[in-house]
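# Structural features, examined
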Amino acid sequence: MKLFLFLLSILLSLSTAYGQITWSGAAAEVIYKNCTSCHNPNGIGPNSFLTYADAQAAAPNIQAYVMANVMPP
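A brief report on the enclosed structure follows. Because the structure is predicted, anything quoted here is derived from the model rather than measured.

When its secondary structure is counted, the protein chain shows 4 helices and 0 strands. When the helices and strands of the protein chain are placed in sequence order, the string is α-α-α-α. Per-residue burial over the protein chain gives 30% buried out of 73 residues. Counting contacts in the protein chain only where the partners sit at least 6 residues apart, residues at least 24 apart contribute 47% of the total. Only carbon and sulfur atoms are counted for the fraction: they give 61% of the accessible area of the protein chain, which is about 4600 Å².

This part is about the nonpolar core. Among soluble globular proteins, nonpolar side chains are generally buried collectively. Core analysis: the largest hydrophobic core is formed by 14 residues, its most contacted members being L5, L8, W23, I31, F49, I62 and V66. Taken together, the elements giving at least two residues each to this core come down to α1 (2-18), α2 (23-34) and α4 (59-67). Looking at this core, the element that brings in the most residues is α2, giving 5 residues. Not counting chain neighbours up to four residues away, the residues in contact with I31 comprise L8, W23, T36 and F49.

Attention shifts here to α4. Turning to α4, its buried residues are A59, I62 and V66. Along the axis of α4, the buried positions cluster into a sector of 55°, meaning they face one direction only. Of the residues one or two after α4, N69 is the one with positive phi, at around 60°.

So, how was this worked out
- Residues numbered from 1 in each chain as written.
- Predicted model: local features only at pLDDT ≥ 70, side-chain atom pairs only at ≥ 80, totals over all residues.
- Heavy atoms only, no water.
- Helix = DSSP H or I, 4+ residues; strand = E, 2+ residues; numbered from the N terminus.
- Buried < 20%, exposed > 50% of the residue type's maximum accessible area, 1.4 Å probe, protein only.
- Contact = heavy atoms within 4.5 Å.
- Areas by Shrake-Rupley, 256 points an atom, 1.4 Å probe, with all protein chains shown as cover.
- Core = buried A, V, L, I, M, F, W, Y, C linked by side-chain atoms within 4.5 Å.
- Arc of directions from axis to C-beta.

Take a look at the structure:
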């Protein structure tokens, strides 16, 4: 699971450059399933991940936290 989230964070950061990875086709399901219960405007997570723009902006942090085994809790 952590490897998949790590790969997802890389895909999110590369998706703008290559245009082949889509939010609705690859990333949203994983983010919604594992992150948005806390990472939403009213949640305890410091950032909202409800939109592609939100998640892509946080992609470097997502990668760092997943690699450090901090997230998901």
